[in-house]
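Here are the chains, one letter per residue:
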Amino acid sequence: FEICGKSNSTHRLDAPSESCFVNTTLLIADDGNDRITVYDTKSGVYKQPIPSNITAAYLVSDEETVLAADKEQAILYSLQEAKRTASMQAAVCIS
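Here's a quick rundown of the structure. Just so you know, these numbers come straight off a predicted model, no measurement behind them.

### Remarks on the pairing of strand S1 (residues 16-22)
Pairing geometry for S1 and strand S2 (residues 25-30), over six bridges, is antiparallel. Looking across to S2, one finds that Pro16 is bridged to Asp30. From the end of S1 to the start of S2, which pair antiparallel, there are two residues, and Asn23 there has a positive phi angle of about 50°.

### Here we look at the pattern of salt bridges
Summed over all chains, the structure comprises three salt bridges. With a closest N to O distance of 2.8 Å, Asp30 and Arg35 form a salt bridge. No difference in accessibility class separates Asp30 from Arg35, as the two residues are buried. The shortest N-O distance in the salt bridge between Lys83 and Glu81 comes to 3.4 Å.

### Brief notes about the nonpolar core
In terms of nonpolar packing, the biggest core is built from 15 residues, with Leu27, Ile36, Ile50, Leu59, Val66, Ala68 and Tyr77 touching the most fellow members. Sorting the residues of this core by element identifies S2, strand S3 (35-40), strand S7 (65-69) and strand S8 (73-78) as the ones contributing at least two each. In contact with Val66, not counting residues within four places along its chain, are Leu27, Ile36, Ile50, Leu59, Val60, Ser61, Ile75, Leu76, Tyr77 and Leu79.

### Remarks on the sheet that holds S8
Backbone hydrogen bonds are what pair the strands of a sheet, in a parallel or an antiparallel way. As summarised here, the arrangement of the four strands in space is S6-S7-S8-S9, forming an open sheet in which the pairing is antiparallel. At either end of the open sheet lies a strand with only one pairing partner, and these are strand S6 (58-61) and strand S9 (83-89). Put simply, the sheet's adjacent strands are angled 15° from each other on average, direction ignored. One ladder, built from four bridges, connects S6 with S7; its direction is antiparallel.

About the cut-offs
- Residues numbered from 1 in each chain as written.
- Predicted model: local features only at pLDDT ≥ 70, side-chain atom pairs only at ≥ 80, totals over all residues.
- Heavy atoms only, no water.
- Pairing = 2+ DSSP bridges.
- Helix = DSSP H or I, 4+ residues; strand = E, 2+ residues; numbered from the N terminus.
- Salt bridge = Lys/Arg side-chain N within 4 Å of Asp/Glu carboxyl O.
- Buried < 20%, exposed > 50% of the residue type's maximum accessible area, 1.4 Å probe, protein only.
- Core = buried A, V, L, I, M, F, W, Y, C linked by side-chain atoms within 4.5 Å.
- Contact = heavy atoms within 4.5 Å.
- Axes fitted to C-alpha atoms, helices over the stretch in contact; angles between N-to-C directions.

Right, here's the structure in full:
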């Protein structure tokens, strides 16, 4: 992959904000391309990217799902289906 805003590469990263490594899978929140890039380091193959419109400050995975979160929301995605499965907005608690 390339990290550059002016490349024509299919797997070009544009404004990556966070990454997560789980076993042989590298996940990258690719904010400039509105996706989570999924790369299998063992086979050297890019898997289907996951469409995402969150600027992730946090990215975690359990090999089946990936959770992307910022200060206002958290979105859970399926790695197998490459799509959103759940989301939640931040709540303000006043005591």
